[in-house]
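# A look at the structure
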Amino acid sequence: MNNKIYFTPGPSELYPTVRQHMITALDEKIGTISHRSKKFEEVYKTASDNLRTLLNLPDNYQILFLASATEIWERIIQNCVEKKSFHCVNGSFSKRFYEFAAELGREAYKEEASFGKGFYPANINVPADAEIICLTHNETSSGVSMPVEDINTFRDKNKNALIFVDAVSSLPYPAFDWSKIDSAFFSVQKCFGLPAGLGVWILNERVIAKSEALLAKGQSIGTYHTIPSMLSKAVVNQTPETPNAMNIFLLGKVIADMLTIGADGIRKQTEAKAALINNYISTSKVFSFGVEDSRLRSMTTIVANTTMLPGDINKVLEPFNMAVGAGYGSKKDTQIRIANFPAHSLEHVQALVKILQEKIG
Ligand SMILES: *Cc1c(COP(=O)(O)O)cnc(C)c1O
C-alpha cells in the first residue's frame, strides 16, 4: 500500500473521489462497452456538458477529446498553420510546442524569456503574418504564469491571428475571458486529478474555419484527428477512434464533484493554499522564490530554488508520506516544484508546510 501524498506536478495526486468512481466505472463496464453505444454517448455528453458548465464556456466553443496535450500541440500546428506561427516561450513546455512547428515544416517565430522570467505583453510585437499566437498560461517547468489580464491584451493588437492557450497545469484555475482567446487545452493528470491519457481541446468557430480553409486549399491537416474529422463524430458524442472511455467517464464524474465547490470556490482554495506555501518560502533558510516577479508566480505549480538537494528533501518527507517534485530538466538539483492542485487539500498543504518548517527550516 502506498499512502504517500504526491505534490509532484503531474502525474500528481488523484482527486479524492477517483477511487469510488473507478469502482463505479468497472461496475458499469465502461472499459467493455462499445464506443458507438448509447451508453458511451451519455458518458461523453456528461463529461462535455460538465466541463462546459465548470469553465463557463460559451456555445460557440467545442470540446474535443484527444490523447494528450502533446498531441494537441501537433494538431494545432497541422490544422491551423499554413506557414507561420508565433510562440511566447517561457520554459520547457512552451519551447517544445514551438519546436513542433519547425518539425512539421512551418516557420515559427518566438519571443523567449529566460528561465524563471515571464513576459510583459506591452513589449511583445507579434509579426503581422503570424497565423497563430501560442501562449502558455502556466509553465510547469519554471513556475512562470501569464496572468489572464495579460493574455487578454493580445486580441486587440492581433485581430486576425488565432490565439491558443496551453492551460495544461492550471485549468480550471484561470477564469478565461473566452472572447479574448480562440482555444485552450489541458491534460487530465494535472489539475483534474485523473490518471494520464486524455487531452481536452476547447476551440471556437474561427479555429474550425481555419482548418476547413487549409483542407479546402489541399493542405494535409492530418488523418483521423483533423478538426473536421473529430467534429463529425463529436456531434453525436463520439470520437473517430476507440477512445479512453474510462478517463472520459472519470472526467465527467470528477467535474461533477468539482461543481459542488464551483470554479470560484476552487480558485479561492487554490489561492489560500498557495499563500501558505509562499509565506513559508519567503521565510525559509533553504528555499527562495524561483520566479522573482510575484505577479507572474504560478498559483498551481510553485517553484522554489533550494540549497538542499530535492532528493534529500524527499528523504526528510518520506517518513511523513509526502513527496515534492524536483526541478525540471537542468534545474533538477537546484529547484523543487510543489503542485497545488484541487486534489491537494488545505490539510495536506498545512501538513507539508509544517513539516518543512520544522525539519528543514
Ligand atoms: C504536462 C504539460 C504538457 C504535456 O502534457 P502531456 O499530457 O504529457 O501531453 C504540456 N504543457 C504543459 C504546460 C504541461 O504542464
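Quantities reported herein were computed from a predicted structural model and do not represent experimental measurements. (Residues numbered from 1 in each chain as written. Predicted model: local features only at pLDDT ≥ 70, side-chain atom pairs only at ≥ 80, totals over all residues. Heavy atoms only, no water.)

### Notes on the overall build of the protein
For clarity, the threshold we go by: What counts as a helix is a DSSP run of H or I of at least four residues, what counts as a strand is a run of E of at least two, and both are numbered from the N terminus. Relative accessibility thresholds used throughout: buried, under 20% of the residue-type maximum; exposed, over 50%; partly exposed, between the two (1.4 Å probe, protein chains only). In what follows, residue pairs with any heavy atoms lying within 4.5 Å of each other are defined as contacts. Every accessible area reported is derived by Shrake-Rupley at a probe size of 1.4 Å, with residue values counting cover from the shown protein chains alone.
Scanning the protein for helices and strands turns up 12 helices and 14 strands. Along the longest, intermediate and shortest principal axes, the C-alpha atoms of the protein span 65 × 55 × 30 Å. With 361 residues in all, the protein has 56% of them scored as buried. The long-range share in the protein, meaning contacts at least 24 apart out of those at least 6 apart in sequence, stands at 71%. Split by element, the accessible area of the protein, about 15000 Å² in all, is 52% carbon and sulfur.

### Quick word on the packing of aromatic side chains
Operational definition: Whether two aromatic rings pair depends on their centres lying within 6.5 Å, for rings of Phe, Tyr and Trp, where Trp uses its six-membered ring; planes under 30 degrees apart make the pair stacked, over 60 edge-to-face, and the rest tilted. Criterion for a charge above a ring: Lys NZ or Arg CZ within 6 Å of the ring centre, and within 35 degrees of the ring normal.
Counting across every chain of the model gives 10 aromatic pairs. An aromatic cluster is present here, built from Trp 73, Phe 97, Phe 100 and Phe 185 joined pairwise through their rings. Seen from the ring of Phe 93, Lys 190 lies directly overhead, with NZ or CZ sitting 5.2 Å from the centre. Geometry around Phe 289 places Arg 297 over its ring, the cationic atom sitting 3.5 Å from the centre.

### Some details on the side chain of Arg 155
Among the secondary structure elements, Arg 155 is positioned in helix α6 (residues 154-157). Looking at Arg 155, the relative accessible area reads 11%, which means it is buried.

### Let's talk about the side chain of Thr 300
Spelled out, the test is: Whenever two N or O atoms come within 3.5 Å, that pair is a polar contact, provided that in protein one can donate a hydrogen and the other can accept it, and provided that, for residues adjacent in sequence, both atoms are side-chain atoms.
Its place among the elements puts Thr 300 in the loop between β11 (287-289) and β12 (301-306). A polar contact of 2.8 Å, which involves the side chain of Thr 300, links it to the backbone oxygen of Ser 169. Discounting chain neighbours no more than four positions away, the residues touching Thr 300 are Asn 138, Ser 169, Ser 170, Tyr 173, Cys 191, Thr 270, Ile 338, Ala 339, Asn 340 and Phe 341.

### Overview of the packing of helix α10 (residues 263-283) against helix α12 (residues 346-359)
Each pair of packed helices gets described by two things: the angle between the helix axes and the distance between those axes. We count it as follows: Inter-axis angles, ranging from 0 to 180 degrees, are taken between N-to-C directions of lines fitted to C-alpha atoms, where helices are fitted over the stretch in contact. Note that the term roughly parallel is reserved for angles under 35 degrees, roughly antiparallel for angles over 145, roughly perpendicular for angles of 65 to 115, and oblique for everything else. Under this grouping Gly is polar, as are all residues other than the nonpolar Ala, Val, Leu, Ile, Met, Phe, Trp, Tyr, Cys and Pro and the charged Asp, Glu, Lys and Arg.
Relative orientation of the contacting elements α10 and α12 amounts to 5°, with a least axis distance of 9 Å. With respect to α12, the element α10 is oriented roughly parallel. In this structure, α10 uses Lys 273, Leu 276, Ile 277 and Tyr 280 to contact α12, whose residues at the interface are Leu 346, Val 349, Gln 350, Val 353, Leu 356 and Gln 357. Here the residues of the contact of α10 with α12 are counted per class, giving seven nonpolar, two polar and one charged.

### With respect to the packing of helix α2 (residues 38-55) against helix α9 (residues 245-261)
Filter applied, for reference: Note: crossing handedness is left-handed where the near helix turns anticlockwise from the far helix by less than a right angle, and right-handed where it turns clockwise.
Across the interface, α2 lies against α9 with an axial gap of 8 Å and an inter-helix angle of 40°. By the criterion of interaxial angle, the relationship of α2 to α9 is oblique. Read as a crossing pair, α2 and α9 show a hand that is left-handed. Taken together, the residues of α9 that come into contact with α2 (itself represented by Phe 40, Val 43, Tyr 44, Ala 47, Asn 50, Leu 51, Thr 53 and Leu 54) are Ala 245, Ile 248, Phe 249, Gly 252, Ile 255, Ala 256, Met 258 and Leu 259.

### Let's talk about the environment of Ala 184
Checked against the element boundaries, Ala 184 lands in strand β9 (residues 183-187). Using a relative accessible area of 0% as the deciding quantity, one classes Ala 184 as buried. Sequence separation between Ala 184 and Asp 166 is 18 residues, and the spatial gap between their C-alpha atoms is 5.8 Å. Here Ala 184 is in contact with Val 165, Phe 176, Trp 178, Val 200, Trp 201 and Ile 202, once residues within four sequence places are set aside.

### Remarks on the sheet that holds strand β1 (residues 5-7)
The strands that make up a sheet pair up through hydrogen bonds in the backbone, lying either parallel or antiparallel. Stated precisely, the cut-off is as follows: Pairing between two strands is assigned when DSSP locates at least 2 bridges connecting them.
The five strands are arranged β1-β13-β14-β12-β11 in an open sheet whose pairing can be described as mixed. Since the sheet does not close on itself, it has two edges, and those belong to β1 and β11, each with one partner. Each adjacent strand pair in this sheet contributes to an overall mean axis angle of 40°, direction not counted. By the bridge criterion, two bridges tie strand β13 (residues 322-326) to strand β14 (residues 335-339) in an arrangement that is antiparallel. Within the sheet, the bridge partner assigned to Gly 325 lies in β14 and is Arg 337. Against the sheet, α12 engages β1, β13 and β14, with an angle of about 80° to β13.

### A few points about the site of the ligand
The cut-off we apply is this: Nearness here has a simple test: a residue counts as near a molecule or strand if at least one of its heavy atoms is within 4 Å of that partner.
Taken together, 13 residues surround the ligand, and among them Thr 70, Thr 140, Asp 166, Ser 187 and Lys 190 come closest. Ser 187 places a side-chain nitrogen or oxygen 2.7 Å from an oxygen atom of the ligand. Within the side chain of Gln 189, an N or O atom sits 2.9 Å from an oxygen atom of the ligand. Compared with its free state, where it exposes 380 Å², the ligand has 87% of that area covered by protein. A per-element tally of the shell around the ligand places helix α3 (residues 69-80) first, with three residues.

### A short note on the domain arrangement of the protein
By a widespread convention, an interface's size corresponds to the accessible area lost as its parts come together. Let me state the cut-off plainly: Domain extents, as shown, originate in an automatic or database domain assignment. For this document, the term salt bridge refers to a Lys or Arg side-chain nitrogen within 4 Å of an Asp or Glu carboxyl oxygen.
By the assigned domains, the protein splits into domain 1 (5-13 + 262-359) and domain 2 (18-259). Using only C-alpha atoms to locate each centre, domain 1 and domain 2 end up separated by 26 Å. Between domain 1 and domain 2, the residue contacts involve 29 residues of the former and 31 residues of the latter. Viewed at the interface, domain 2 and domain 1 are joined by two salt bridges. Residue Asp 150 is joined to Arg 295 by a salt bridge in which the shortest nitrogen-to-oxygen separation is 2.6 Å. Connecting domain 1 to domain 2 are 13 residue pairs in polar contact (both at pLDDT 80 or more). Breaking the side of domain 1 that touches domain 2 down by element, the ones donating at least two residues are α10, β12 and β14. Take the side of domain 1 that touches domain 2: its biggest share by element is five residues, from α10.

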